[in-house]
Amino acid sequence: MTDSGKIELMAPAGNFESLQAAIVNGADSVYFGVEQLNMRARASINFTLDDLPEISRRCKTLNVRTYLTLNTIVYDHDLSIIKTVLDAAKKADITAVIAMDQAVIAYARQIDMEVHISTQINITNIETVRFYAMFADTMVMSRELSLRQVKKITDQIEKEEIKGPSGNLVEIEIFGHGALCMAVSGKCYLSLHSHNSSANRGACKQNCRKKYTVIDQESGFEIEVDNEYMMSPKDLCTIDFLDQVIDAGAKVLKIEGRGRAPEYVATVIKTYREAIDAYYEGTYTKEKVTQWMQNLEKVYNRGFWSGYYLGQKLGEWSDSPGSQATQKKVYVGKGVHYFPKANIAEFKIEAYDIKVGDKLLITGPTTGVEEFELTEMMVNDAKLDIAKKGDSCTIPTKFRIRMSDKLYKIVQA
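Source: prediction; values computed, not measured.

Caption draft 1: Spotlight on the nonpolar core. Counting residues in hydrophobic clusters, the biggest one holds 91 residues, and the most contacted among them are Phe32, Leu86, Met139 and Ile174. Of the residues forming this core, the biggest block, nine residues, is contributed by helix 9 (residues 262-281). In contact with methionine 139, other than residues within four places in its own chain, are Ile117, Ile123, Val129, Tyr132, Ala133, Val170, Glu171, Ile172 and Glu173. Membership of the second largest hydrophobic core comes to 18 residues, among which are Ile349, Ile354, Met377 and Ile395.

As structure tokens, then:
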């Protein structure tokens, strides 16, 4: 929980663009992986050990907590790497490590680093909480629990005063938004069997997102299935019952998406920030929920459902292979120069045209994510309403851009 007493909003960061998007849009904490020992080893770019000081610096500037994920299966040959990574994280003053393997947990405690228990442990009851309280201050609950079950656990933590190594009551973290998979709390072996690529080592091939048919091998009879994507769940969304989530006693709300684009992180974090603040201000209404849902639908999603939180016994499955977002981005060009006195950004147009009235998106490792409507521009030193491939254009902006920044326009999907 944050110092303000509000539930902590925890954001994913797969690269510096997403990290910056998270911290400027209201995240209280960020989680990220380094190198290959995390559950998104292949789904995102991932940071390196050398990035840890910069991650820590950026987050400290805005009082954002930093969580390193080291939550894969660990083999003997990984042990020295684990120690190297944790030592580097400790030196960089990273807040905590998210872990599942006792080797990681034990070494983190040995160097006096805060531990959070990963969802891969699959905690479903108070006795398991009591056990891991010997090592950890925060624990992610199993994704399969209902809010009623979560509430029972959080009530018992307070009643029995179950405390972690810090001496504070154990805090419960739950998933709030983003991708769900068919596996129980992330434990899946499909891609290991099909591609010798273990999901539990961060190398999931996403077999469950593909289209399948069911055939009786004896007779050759093909069973009709209404939905061919029978193993691909819709994305979790709790924005429309966030009041119940907070009332269940969870202290940390985790947003999934380390493999998703920075504008996804920006939109989702900004939306949940508004919703959390509205709850505590007493202005959380159905009308606002409707608008928030529309915002969330603009970025990558497989459709939404409420998970198991409200007591559903069966999942809801997506009916298409990819995103159902109402908007998409189209690459336009790259940043060339910024004129700070005039607040003017120069871009080289390398692909599609842009024109006055377009919605534009700029992303970059330092800039993060900025979205705005194009109201005016200069094209090859003349004031025009359209810029085409090969043109150089200047645009007034309220923020600094860099040469590493990319320019996109937002269009309807």
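Caption draft 2: Spotlight on the sheet that holds strand 19 (residues 382-383). The strand order across the open sheet built from eight strands is 17-16-22-13-14-21-18-19, with neighbouring strands paired in antiparallel fashion. The open sheet is flanked by strand 17 (368-373) and strand 19, the only strands paired with a single partner. Looking at chain direction, strand 13 (residues 327-339) and strand 14 (residues 344-349) are connected through six bridges and run antiparallel. Residue pairing across strands places histidine 337 opposite glutamate 346, the latter belonging to strand 14.

Caption draft 3: Structural context of the packing of aromatic side chains. Scanning the entire structure with this criterion turns up 11 aromatic pairs. With 5.0 Å between their ring centres and 75° between their planes, phenylalanine 16 and phenylalanine 47 make a pair best called edge-to-face. Pair noted here: phenylalanine 16 is in helix 1 (residues 16-24) and phenylalanine 47 is in the loop between strand 2 (29-32) and helix 2 (52-61), with a separation of 31 residues, a long-range link. Judged by relative accessible area, which is 3%, phenylalanine 47 ranks as buried. Among the aromatic residues, those joined into a ring-pair cluster are Phe16, Phe32 and Phe47. Its end group placed over the ring of phenylalanine 175, arginine 143 keeps NZ or CZ at 4.5 Å from the ring centre.

Caption draft 4: Looking closely at the pairing of strand 17. The sheet contact formed by strand 16 (residues 359-364) and strand 17 spans six bridges and is antiparallel. Counterpart to threonine 363 in the pairing with strand 17 is valine 369. The loop that links strand 16 with its antiparallel partner strand 17 comprises three residues.

Scoring rules and cut-offs
- Residues numbered from 1 in each chain as written.
- Predicted model: local features only at pLDDT ≥ 70, side-chain atom pairs only at ≥ 80, totals over all residues.
- Heavy atoms only, no water.
- Core = buried A, V, L, I, M, F, W, Y, C linked by side-chain atoms within 4.5 Å.
- Buried < 20%, exposed > 50% of the residue type's maximum accessible area, 1.4 Å probe, protein only.
- Helix = DSSP H or I, 4+ residues; strand = E, 2+ residues; numbered from the N terminus.
- Contact = heavy atoms within 4.5 Å.
- Pairing = 2+ DSSP bridges.
- Phe/Tyr/Trp six-rings, centres within 6.5 Å; stacked < 30°, edge-to-face > 60°.
- Lys NZ or Arg CZ within 6 Å of the ring centre and 35° of its normal.

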